[in-house]
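A structural walkthrough
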Amino acid sequence: MTEQRMSMREALNLALDHALETDPRVFLLGEDIADPGATGPTAGLSTKYGHDRVLDTPISEAAIVGAAVGAAIEGMLPVAEIMIMDFIGIAADQLINNAAKLRFMTAGRTTAPLTIRTQVYGGLATGATHSQSLEAWFMHVPGLKVIVPSTPADGKGLLTSAIFDPDPCLFIETIRLQGVKGPVPDDPGFAIPLGTADIKRAGTDVSLIAYGRGVHDALAAADTLAAEHGVSAEVVDLRTLVPLDVDAIVESVGRTRRAVIAHHAVQFAGPGAEVAAILHAELFGRLEAPVERVRGSFVPTPAAAELEAAALPTPERIVAAALRTLRPAGAAAAAGALGLA
């Protein structure tokens with residue numbers, strides 16, 4: 001399969017373009033998503049498909065998601081955008097008590113096949129009400145799928161799967177990754193099944209488990225671990241938090257016997273807590289060290305860039321956590337070789 005190099009923004013645009021072209025039930029709605037105001041993944045789509053399929057809406061998250069839920073019930077495939085994830089709480093009732101429960105409350109007779117695209121602005125010093133990674137909120141909701149891509153190829157493949165999934169999907173984008181480039185398959189219908197993790201880098205000594213922007217931190221940490229400490233780190237990209245690929249996580253850590261989980265959501269009751277609990281339950285007695293977590297601090301996101309950086313994960317903190325997992329293994333000679341004695 002041939003590939004093209006493009007940004008995450010361009011890859012998401014291709015996924016939306018293909019969905020609109022393929023199925024007349026697909027339509028987009030949200031704030032400033034139509035031309036000439038559109039500058040993100042929806043740019044050019046209202047010009048190509050018309051404003052009846054790419055709808056600019058008023059500034060009302062509840063109205064956007066409520067309209068999407070109603071349209072999904074009527075057989076449409078809406079893709080709604082909540083521009084900044086912090087504002088998704090305004091529409092949480094629509095997602096939690098309507099969309100996610102519909103299949104269960106109708107004994108499977110009615111579903112809500114909608115996709116909610118939203119963006120995390122963390123890392124841009126935009127303050128406490130514009131920077132939060134709130135994915136853990138929605139991992140607690142049965143019936144709702146939660147997706148966080150880290151690369152352009154994953155963005156295109158996962159968004160395509162989300163749009164045509166029969167259940168509601170929350171598709172979380174990271175603003176700081178929108179310009180990141182990578183290879184994307186030329187196949188217009190390229191899709192990645194939801195619930196499948198991906199090994200972004202193979203390794204033997206420790207598993208670095210992450211998603212979204214955290215994957216890039218983990219890859220940088222793996223480079224440092226190899227170059228400066230002779231440690232072979234495997235990087236596991238979860239890609240979807242619900243459904244979670246438990247088999248892939250357990251398989252990787254079962255081989256390396258050490259794990260570090262990295263995410264930008266806060267640590268307390270965060271996604272890493274669930275992964276750590278699974279690993280300790282499934283691999284108790286085989287782990288060489290307790291599972292480490294590198295995460296956002298349990299504070300409102302600071303507006304000052306220096307303070308925000310101090311509250312978020314970094315490759316250096318992932319390296320330190322990985323080295324801590326290596327301390328119990330081997331004897332003093334091994335620790336000394338790694339500079340840990």
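This text goes with the structure placed above it.
Residues numbered from 1 in each chain as written. Predicted model: local features only at pLDDT ≥ 70, side-chain atom pairs only at ≥ 80, totals over all residues. Heavy atoms only, no water.

A short note on the sheet that holds strand β14 (residues 292–296)
In spatial order, the strands read β9-β11-β10-β13-β14; together these 5 strands make up an open sheet with mixed pairing. Where the open sheet ends on each side, the last strands, each with one partner, are β9 (198–201) and β14. Ignoring which end each strand starts from, the neighbouring axes of this sheet average 25° apart. Here 5 bridges tie strand β10 (residues 206–210) to strand β11 (residues 233–237), and the two strands are oriented parallel to one another. Bridging from a neighbouring strand, Ile209 pairs with Val236 of β11. (Pairing = 2+ DSSP bridges. Helix = DSSP H or I, 4+ residues; strand = E, 2+ residues; numbered from the N terminus. Axes fitted to C-alpha atoms, helices over the stretch in contact; angles between N-to-C directions.)

Comments concerning the environment of Asp35
Mapped onto the elements of the fold, Asp35 is located in the loop between β2 (26–30) and α2 (45–49). Take Asp35: its relative accessible area is 18%, and that puts it in the buried class. Taking the C-alpha atoms as reference points, Asp35 and Leu45, separated by 10 residues in sequence, lie 7.6 Å from one another. For Asp35, the contacting residues outside a window of four places in its chain are Thr42, Ala43, Gly44, Leu45, Ser46, Thr47 and His51. Of the polar contacts made by the side chain of Asp35, one reaches the backbone nitrogen of Gly44; its length is 2.9 Å. Of note is the side chain of Asp35, whose polar atom sits 2.5 Å from the side chain of Thr47. (Buried < 20%, exposed > 50% of the residue type's maximum accessible area, 1.4 Å probe, protein only. Contact = heavy atoms within 4.5 Å. Polar contact = N/O pair within 3.5 Å; in protein donor to acceptor, adjacent residues only side chain to side chain.)

Notes on the layout of surface pockets
As a volume, the largest pocket reaches approximately 510 Å³. Lining the largest pocket are 33 residues, and of these Gln132, Ser133, His264, Ala265 and Val266 sit closest to its centre. When residues of the lining of the largest pocket are traced back to their parent elements, those giving at least two are α6 (135–139), β7 (169–174), α8 (213–229) and β13 (259–266). Looking at the lining of the largest pocket, the element that brings in the most residues is β13, giving 4 residues. Thr39, Gly40, Pro41, Glu81 and Tyr121 are, among the 18 residues lining the second largest pocket, the residues nearest its centre. Taken together, the residues of the lining of the second largest pocket break down into 6 nonpolar, 6 polar and 6 charged. (1 Å grid on protein atoms, 1.4 Å probe; cavity = no way out; pocket = protein on both sides within 12 Å on 5 of 7 lines; lining within 4 Å. Points joined across faces, edges and corners; volume = space filled by probe spheres on them. Nonpolar A, V, L, I, M, F, W, Y, C, P; charged D, E, K, R; others polar.)

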